[in-house]
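So the chains spell out like this:
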Amino acid sequence: MSAVLAPLQPMPALVSRPGAIASYLMLSETGHADWTPDPQRATTFASMREAARMALRLPASVRAYGLPRQAEVALN
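Residues numbered from 1 in each chain as written. Predicted model: local features only at pLDDT ≥ 70, side-chain atom pairs only at ≥ 80, totals over all residues. Heavy atoms only, no water.

Colleague: Pulling in residues and values, what's your account of the side chain of Ser16?
Modeller: Looking at where Ser16 falls in the secondary structure, it is placed in strand β1 (residues 13–17). Taking the relative accessible area as the measure of exposure, Ser16 reaches 2% and is therefore buried. Of the polar contacts made by the side chain of Ser16, one reaches the backbone oxygen of Ser23; its length is 3.3 Å. When residues no more than four places from it in sequence are discounted, the contact partners of Ser16 are Ala22, Ser23, Tyr24, Trp35, Arg63, Ala64, Tyr65 and Leu67. (Helix = DSSP H or I, 4+ residues; strand = E, 2+ residues; numbered from the N terminus. Buried < 20%, exposed > 50% of the residue type's maximum accessible area, 1.4 Å probe, protein only. Polar contact = N/O pair within 3.5 Å; in protein donor to acceptor, adjacent residues only side chain to side chain. Contact = heavy atoms within 4.5 Å.)

This is the structure:
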């Protein structure tokens, strides 16, 4: 039995942090991190892997995670 697997395509993703109002990571051109409640203004990462890596690089006091961009933008 053989299965044909389609190559995995990178999924654009955001970095988000939980809270009463969700906020999304927005990086400036200089690399300064800021948070916005608007997922349209958030920085889009090329893949879930890149978003998760960025979330892990944030200070430990900031709990953040990567999530697919299309899912979050569709909700808002």
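Colleague: Give a detailed account of helix α1 (residues 48–57), specifying residues and quantitative values.
Modeller: Residues of α1 that are buried: Ala51, Met54 and Ala55. Around the axis of α1, the buried residues are gathered within 100 degrees of arc, so they sit on the same side. Projecting away from the buried face of α1 at angles above 90 degrees are the exposed residues Arg49, Leu56 and Arg57. Residues of α1 that are buried in the fold lie against β1, β2 (23–27) and β4 (65–68). (Arc of directions from axis to C-beta.)

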